[in-house]
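Listed below are the residues making up each chain.
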Amino acid sequence: MKRFAYILCLMCSLLAMTGMTGCRRGREKDADRTVLTLYVYTREHPLLTKADVGEVDPTAFETGVSSLQIWVFEHESGDLVGYLSPAVDILDAEKSDIYQMNVSDEFAENKPSVDVYVLANALENYGLTLSESSTRSQVEAAVMGSSHFGTSPVVSVVPTEGLPMSGVLKNQPVFGQKPVLRIGSESSIATVTLVRTVSKVRFVFTKRLEDDEPVQETVTVNRITLDANVLPEEEYFFLNDAWTARSHRVGATYVNTESALRTDDLAVGTTTDDVQQYAYTDQTAAAYETLIDGGIDGGELTACGPYYLRESDRRLSGKIYYTVGEREQQSVSFTMSEAGDFSRNHTWIVYGYFYNGDMLEVVAVYISDWTDGGSVTNEIYNW
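Residues numbered from 1 in each chain as written. Predicted model: local features only at pLDDT ≥ 70, side-chain atom pairs only at ≥ 80, totals over all residues. Heavy atoms only, no water.

### Some thoughts on the environment of Tyr-99
Argument step 1. Relative to the assigned elements, Tyr-99 resides in strand E8 (residues 96-103).
Argument step 2. The exposure class assigned to Tyr-99 is buried, which follows from its relative accessible area of 0%.
Argument step 3. Expressed as a C-alpha distance, the spacing of Tyr-99 and Leu-84, which sit 15 residues apart in the sequence, is 8.4 Å. (Helix = DSSP H or I, 4+ residues; strand = E, 2+ residues; numbered from the N terminus. Buried < 20%, exposed > 50% of the residue type's maximum accessible area, 1.4 Å probe, protein only.)

### Observations concerning the pattern of salt bridges
Argument step 1. Applying the stated rule across the entire model yields 13 salt bridges.
Argument step 2. One salt bridge in this structure joins Arg-327 and Glu-217, with 2.5 Å as the shortest N-O distance. In this pair, Arg-327 is assigned in the loop between strand E22 (317-324) and strand E23 (330-335) and Glu-217 in the loop between strand E15 (198-208) and strand E16 (219-226), connecting sequence segments 110 residues apart.
Argument step 3. A relative accessible area of 36% means that Arg-327 is categorised as partly exposed.
Argument step 4. Using a relative accessible area of 34% as the deciding quantity, one classes Glu-217 as partly exposed. (Salt bridge = Lys/Arg side-chain N within 4 Å of Asp/Glu carboxyl O.)

### Concerning unusual backbone geometry
Argument step 1. With omega at 10°, the peptide bond leading from Lys-178 into Pro-179 counts as cis.
Argument step 2. Locating Pro-179 in the fold gives a position in the loop between strand E12 (174-177) and strand E13 (180-183).
Argument step 3. Look at Tyr-126: it is not a glycine, yet its phi comes out positive at around 60°.

### Quick notes on the confidence of the model for the protein chain
Where the model shows low pLDDT, its predicted coordinates should not be examined in detail.
Argument step 1. Averaged over all residues, the pLDDT of the protein chain is 79; the fraction at 70 or higher stands at 75%.
Argument step 2. Residue range residues 1-29 is modelled with pLDDT below 50. Its contacts to residues more than four positions away, or to other chains, number 113 contacts. (pLDDT = per-residue confidence, 0-100. Contact = heavy atoms within 4.5 Å.)

### With respect to the packing of aromatic side chains
Argument step 1. Counting across every chain of the model gives 13 aromatic pairs.
Argument step 2. When the centroid spacing of 5.3 Å and the interplanar angle of 75° are considered together, the rings of Tyr-322 and Phe-354 count as edge-to-face. With Tyr-322 in strand E22 and Phe-354 in strand E24 (residues 347-354), the pair connects residues that are 32 residues apart, well separated along the chain. With respect to class, Tyr-322 is no different from Phe-354; both count as buried.
Argument step 3. Directly above the ring of Tyr-321 sits Arg-223, whose terminal nitrogen or CZ lies 4.0 Å from the centroid.
Argument step 4. Seen from the ring of Tyr-236, Arg-249 lies directly overhead, with NZ or CZ sitting 3.8 Å from the centre. (Phe/Tyr/Trp six-rings, centres within 6.5 Å; stacked < 30°, edge-to-face > 60°. Lys NZ or Arg CZ within 6 Å of the ring centre and 35° of its normal.)

### Quick look at the pairing of E13
Argument step 1. Here E13 shows a buried face lined by Val-180 and Arg-182 and a second buried face lined by Leu-181 and Ile-183.
Argument step 2. Inspection of the sheet shows E12 paired to E13 by four bridges, in the antiparallel sense. Across the sheet, the residue bridging to Val-174 is Ile-183, located in E13.
Argument step 3. Linking E12 to E13, which pair antiparallel, is a turn of two residues. (Pairing = 2+ DSSP bridges.)

This is how it looks when you write it as structure tokens:
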């Protein structure tokens, strides 16, 4: 299965020694300067996106990179080692870019441990003013506030600049000799895993086809809301350390009122003779995603979303308000199993079906712990 992850590698040798190819950009190496060689690339990796389910493919828009910022700071002092903001194209599995960061003679001589921060698709977006003059404290303190990837406004289409992504790696030793240094160990290259800072949820609905009822009652989803105190007001772009499957870093306050993901009526005109066929039943994540997408394309499921939201360290929950025919409006709740199921770079599907009369049943397939025992650079949650 095709899998994607964005990795920033700080290479340990000259390009000719690695045997890797790519487009050289950024600051060209001065003849008498020492450099850190930065290799930014996309690579096929297993991406886990469902609770104990497996892997699914991200869409091209959700994986696109349109801008990149890279900071390297000395770990102990916080002094800036170097900064790059290279021009990038949308990266894909067939392309890599090579960048070279000049470093000072003093740095090359002392080789202090470093912290590396990478930010994608956030240049001049989200009210950020991060630049070459930004301190490490300013980079770490950068937040995405309540006006971005919340419910006001709701984001249901990937922005033109792409989804924000970040990666961080701290207290890494520096090895190598002039003119090329590397980060990691004598035998391996340190990597920064670049992941989306947001997560997403989508809803699908259908109703059972009743053979003995030639005229089907009208079913309408009137509103979908998130409960109060489940979505943080702010989310930090950078984690405190290297990303893991349930990593998150959010502010101390939460949206304290019920907020709406959808407010306009959605007619559920789709039907199926077997509503249970779209409930998750131990298949792989890829198979389940294919099943849901096939139901939408085949006219048996009505899609709503996706909605891209700030991550949360709490159990995401909410309500679906609906009416059947001329009856009184009703609501049903949906919720995640555990806190942390909606940490960054996760996806969630809520399946609602009308089975008997006006009863809406809800099944949620969500992300939970990373359970395969792999390493972060080999197995990651993603879409």
